[in-house]
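Examining the three-dimensional arrangement
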Amino acid sequence: MSTRAKLVLFLLCAANFMVAVDFSILNIAVPSIGKDLGISEANLQWVSTAFALPSGGFLLLSGRIGDLAGRKKVFVTGTVLFTAASLIAALAWVPAVLLGARALQGVGAAMIVPTGMALLTTSFAEGPQRERALGINGTLMTVGFTFGMVLGGFLTQAFSWRSTMVLNTAMGALVLVGAPRLLTESRNAHSSKLDIPGAITVTTALLALIYALSTAAQVGFGRADVVSGLVGGVVLLAAFVAIESRAADPLVSLRILRRRSVAIGNLGGLVSFATMSSVVFLGTLFLQQVNGMSPTLTGLVFGVMGVVAALGGTVAPKAIGRFGARATLVGGLLAQGALIAPLALIDQSNGTLLLLTVAAAAAFGHLGAVVAYGVTATGGLSDAEQGLATGLVTTSQQVGLTIGIPLFSALASARADSLREAGHTAKDALTGGIRIGLGADGLVLLAVAVLVGLGLRTTRKARAGAADARI
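To keep things clear, this report deals only with the structure shown in the data block. (Residues numbered from 1 in each chain as written. Predicted model: local features only at pLDDT ≥ 70, side-chain atom pairs only at ≥ 80, totals over all residues. Heavy atoms only, no water.)

Details of the overall build of the chain
- Within the chain, the secondary structure is distributed over 17 helices and zero strands.
- In the chain, 84% of the contacts between residues at least 6 apart in sequence involve partners at least 24 apart.
- By element, 68% of the accessible surface of the chain is carried by carbon and sulfur atoms, the whole surface being about 18,200 Å². (Helix = DSSP H or I, 4+ residues; strand = E, 2+ residues; numbered from the N terminus. Contact = heavy atoms within 4.5 Å. Areas by Shrake-Rupley, 256 points an atom, 1.4 Å probe, with all protein chains shown as cover.)

Set out below in structure tokens:
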């Protein structure tokens, strides 16, 4: 890569790293925020949900606006919004100000991630350069999530939770210094208008589903707003598919989605992100609430996972070059699932050791899957289609990060509640719930690895058959 190309890669990866850090940096600080601003325990989930709703809900819409108006323009606008919102959050004096700032951060993140990814794939040619760029980007996404845990614990304990938002403000300002000078404007020249009906239905569907899953983690799946959110989200997604099949200039090209490499690759990425983020969250609960570990030590435990993930990100492009993206994706998912499943045996005597070794090793497989699914889902497409393809890739990332924690947490909470009702102590009940959540996490990964392997194998056979027919 040229010096300029390296600087562009650094800038785009720094922006994604910043967003990934923001997903997790407040997880450990939530109890401190509740005490400082007077937020009840029942409402603390909104510190995370206020960010997750817009960051996941507006991804596809933001990516499409970037295709039409210019990806650099939307990327810079999103970074300005994210940085300003981080400063407001750092100064928040009442819960409403903090939650409003977190929501604005989410909107900014939804603008940064898809346009940043599209700028990355259009800046680097398909092949080794793009694989290396995606490897570095995927590594920093995962490292950013785990690094956020380390920083969140340290900054909260050493200073206050407000310092975590000051860090985001500083990182955003750094990106804004370089973006106008380094990035070249990019847009889809073949698109002229926004698919308004498609944008409304898919954005509302994602908002409804993310809200329902986030709320279910706290109150269970029986409450009326949870049920209506899940049903409404599914109905709206079905309506979105119907609208896109008839739209002249669709928000999401069903033609692209019919390519198995795109659809199945994104399925693998979504599940890998969802399951790994939930391991970090459930592991944090275990270390702090069962083992009584401090926020700083908890963050350091997951810092080991970040280091191993970084190693996985450096190896993944080489594995793709040698074995192919399909084999690397399936192998990464299998390794991640096989290593997470034993965490169902976690208890007070072995929990810290398991999280330091087995869970950290799972992060290595996770990075292999992350890099390989990005290559799989964007490979073989023209630059004009990269905006749509990377919009799907980033949606898989962000929706996976958003729904994984509430989904597996809801499962763990339900099990813990039933154990408490049966007479178990609070710690034993929580441990039992976390075991169920982690065990299910591993099983889901193994099942999806098999599905991805079979689906991509079929695709390869179909392509080979078509090649033989032409000969």
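Now, onward.
Some thoughts on helix α13 (residues 295-323)
- An ideal rise of 1.5 Å per residue puts 42 Å on 29 residues; α13 measures up with 40 Å between its terminal C-alpha atoms.
- Its axis deflected by about 30° at valine 315, α13 carries its strongest bend there, up to four residues before the proline proline 317.
- Looking one or two places after α13, you find glycine 324, whose phi comes out positive at around 95°. (Expected span 1.5 Å × (residues − 1). Bend = angle between axes of the 7 residues up to and from the residue.)

Side note on the pattern of salt bridges
- Considering all chains together, one arrives at three salt bridges under this definition.
- The salt bridge involving arginine 162 is made with aspartate 36; its shortest N-O contact spans 3.2 Å. Here arginine 162 is found in helix α8 (residues 162-182), whereas its partner aspartate 36 is found in helix α2 (residues 30-37), with 126 residues between them in sequence.
- Using a relative accessible area of 23% as the deciding quantity, one classes arginine 162 as partly exposed.
- By relative accessible area, which is 42% here, aspartate 36 ends up partly exposed.
- For the salt bridge of aspartate 225 with arginine 223, the shortest nitrogen-to-oxygen distance reads 2.9 Å.
- Taking the relative accessible area as the measure of exposure, aspartate 225 reaches 22% and is therefore partly exposed. (Salt bridge = Lys/Arg side-chain N within 4 Å of Asp/Glu carboxyl O. Buried < 20%, exposed > 50% of the residue type's maximum accessible area, 1.4 Å probe, protein only.)

Details of the packing of helix α4 (residues 59-69) against helix α5 (residues 71-91)
- Between α4 and α5, whose axes approach to 6 Å, the crossing angle comes to 130°. Judged by the angle between their axes, α4 and α5 are oblique. In this structure, α4 uses Ser62, Ile65, Gly66, Asp67 and Ala69 to contact α5, whose residues at the interface are Arg71, Lys73 and Val74.
- Taken together, the residues of the contact of α4 with α5 sort by class into three nonpolar, two polar and three charged. (Axes fitted to C-alpha atoms, helices over the stretch in contact; angles between N-to-C directions. Parallel < 35°, antiparallel > 145°, perpendicular 65-115°, else oblique. Nonpolar A, V, L, I, M, F, W, Y, C, P; charged D, E, K, R; others polar.)

Some thoughts on the environment of leucine 183
- Structurally, leucine 183 is set in the loop between α8 and α9 (196-219).
- Residue leucine 183 is classed as buried on the basis of its relative accessible area, which comes to 5%.
- Each C-alpha atom of the pair leucine 183 and phenylalanine 75 lies 9.8 Å from the other, and the pair is 108 residues apart in sequence.

Remarks on a nonpolar patch on the surface
- On the surface, a cluster of nonpolar side chains totalling about 340 Å² of accessible area is made up of Val307, Leu311, Val315 and Phe364.
- Element by element, the count of residues in the nonpolar patch is highest for α13, at three residues.
- Counting through the fold element by element, valine 315 comes out in helix α13. (Patch = residues over 30% accessible without salt bridge, like charges linked within 9 Å, V, L, I, M, F, W, Y side chains within 5 Å.)

Observations concerning the packing of aromatic side chains
- Inspection of every chain in the model, using the stated rule, returns one aromatic pair.
- Taken together, a centroid distance of 6.4 Å and an interplanar angle of 80° make the contact between phenylalanine 273 and tyrosine 373 edge-to-face. Of the two residues, phenylalanine 273 sits in helix α12 (residues 260-290) while tyrosine 373 sits in helix α15 (residues 351-378), which places them 100 residues apart along the sequence. Each member of the pair, phenylalanine 273 as well as tyrosine 373, carries the same accessibility label: buried. (Phe/Tyr/Trp six-rings, centres within 6.5 Å; stacked < 30°, edge-to-face > 60°.)

Overview of the side chain of glutamine 105
- Within the secondary structure layout, glutamine 105 lies in helix α6 (residues 95-123).
- Residue glutamine 105 is classed as buried on the basis of its relative accessible area, which comes to 0%.
- Separated by 2.8 Å, the side chains of glutamine 105 and serine 86 make a polar contact. (Polar contact = N/O pair within 3.5 Å; in protein donor to acceptor, adjacent residues only side chain to side chain.)

Some words on the nonpolar core
- Counting 99 residues, the largest nonpolar core has Ile33, Phe75, Leu98, Leu183, Leu329 and Val452 as the members making the most contacts within it.
- Examining the composition of this core, we find that 14 residues originate from one element, α15, more than from any other.
- Of all hydrophobic cores here, the second largest spans 17 residues; its members include Leu213, Leu251, Val262 and Ile403. (Core = buried A, V, L, I, M, F, W, Y, C linked by side-chain atoms within 4.5 Å.)

A few points about the layout of surface pockets
- By volume, the second largest pocket is sized at about 620 Å³.
- In terms of lining residues, the second largest pocket is bounded by 24 residues, among which Leu206, Leu237, Leu270, Leu392 and Thr395 are the most central.
- If you list the elements that add at least two residues to the lining of the second largest pocket, you get α9, α10 (224-246), α11 (254-257), α12 and α16 (383-421).
- Looking at the lining of the second largest pocket, its residues break down into 20 nonpolar, three polar and one charged. (1 Å grid on protein atoms, 1.4 Å probe; cavity = no way out; pocket = protein on both sides within 12 Å on 5 of 7 lines; lining within 4 Å. Points joined across faces, edges and corners; volume = space filled by probe spheres on them.)

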